[in-house]
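So you can see what is in the structure, the chains are spelled out below.
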Amino acid sequence: MNDQITYVHAPGKHRYEIRDGETLAGFTQYRLPDAEHVDFVHTEVDEAYNGRGLASGVVGFALADVRAAGKRIIPHCPYVAAWIKRHPGEYDDITDWPAPRG
């Protein structure tokens, strides 16, 4: 690990990545259900990078990018949903919560 952590958008893979130099350290995956929404479905960080706040960093980076693109967020990913709840008011204006399953 060379600690050159960066966050990048990889639109061809439908995800925002955590990169440590050339190494993929984690990502948050999304789908595009329509022209208006980015639906976050999964976030993971390689075990070797746990406990460094990288998942939080990539989610913050991704949500800011979605806002800059003029789109809305659907947080199906439990981690993204929890992140939004831990940052009240930051992304409420562009978040469409998924309907409860049941």
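Please refer to the structure higher up on the page.
Since the structure is predicted, the reported quantities are computational estimates derived from the model, not experimental observations. (Residues numbered from 1 in each chain as written. Predicted model: local features only at pLDDT ≥ 70, side-chain atom pairs only at ≥ 80, totals over all residues. Heavy atoms only, no water.)

Here we come to the packing of helix H1 (residues 54–68) against helix H2 (residues 78–86). Orientation of H1 relative to H2, taken along the N-to-C sense of each, is 80 degrees, at an axis distance of 10 Å. Relative to H2, the element H1 is oriented roughly perpendicular. Contact with H1, carried on its side by Ala-55, Ser-56, Val-59, Gly-60 and Leu-63, involves Tyr-79, Val-80, Trp-83 and Ile-84 of H2 and no other residues of that element. Considering only residue class, the contact of H1 with H2 consists of 7 nonpolar, 2 polar and no charged. (Axes fitted to C-alpha atoms, helices over the stretch in contact; angles between N-to-C directions. Helix = DSSP H or I, 4+ residues; strand = E, 2+ residues; numbered from the N terminus. Parallel < 35°, antiparallel > 145°, perpendicular 65-115°, else oblique. Contact = heavy atoms within 4.5 Å. Nonpolar A, V, L, I, M, F, W, Y, C, P; charged D, E, K, R; others polar.)

Looking at H2, one finds that the buried residues are Val-80, Ala-81, Trp-83 and Ile-84. Projection of H2 onto a plane perpendicular to its axis shows the buried side chains occupying an angular sector of 160 degrees, all on one side. Pointing more than 90 degrees away from the buried face of H2 are the exposed residues Pro-78 and Lys-85. Contact partners of the buried residues in H2: strand S3 (23–31), strand S4 (37–45), H1 and strand S5 (72–75). (Buried < 20%, exposed > 50% of the residue type's maximum accessible area, 1.4 Å probe, protein only. Arc of directions from axis to C-beta.)

With that settled, the discussion passes to H1. Counted at 1.5 Å a residue, the expected span for H1 with its 15 residues is 21 Å, and the 21 Å between its end C-alpha atoms agrees. Of all the positions in H1, only Leu-54, Ala-55, Val-58, Val-59, Gly-60, Ala-62, Leu-63 and Val-66 are classed as buried. Taken together, the buried residues of H1 touch strand S1 (5–10), strand S2 (15–20), S3, S4, S5 and H2. Following H1 by one or two positions, Gly-70 adopts a phi angle in the positive range, close to 75 degrees. (Expected span 1.5 Å × (residues − 1).)

Another aspect to go through is the nonpolar core. Core analysis: the largest hydrophobic core is formed by 20 residues, its most contacted members being Tyr-16, Phe-40, Leu-63, Ile-73 and Val-80. Elements supplying a minimum of two residues to this core: S2, S3, S4, H1 and H2. With 6 residues, the top contributor of residues to this core is H1. Not counting chain neighbours up to four residues away, the residues in contact with Ile-73 comprise Val-38, Phe-40, Leu-63, Val-66, Ile-84, Tyr-91, Ile-94, Thr-95 and Asp-96. (Core = buried A, V, L, I, M, F, W, Y, C linked by side-chain atoms within 4.5 Å.)

In total, this model carries 6 salt bridges according to the counting rule given. The salt bridge involving Glu-17 is made with Arg-15; its shortest N-O contact spans 2.8 Å. We classify Glu-17 as buried; its relative accessible area is 5%. Residue Arg-72 is joined to Asp-96 by a salt bridge in which the shortest nitrogen-to-oxygen separation is 2.8 Å. Taken together, the positions of Arg-72 in strand S5 and Asp-96 in the segment after H2 put the pair 24 residues apart, joining distant regions of the chain. Each of Lys-13, Arg-15, Glu-17 and Arg-19 takes part in one network of salt bridges that share partners. (Salt bridge = Lys/Arg side-chain N within 4 Å of Asp/Glu carboxyl O.)

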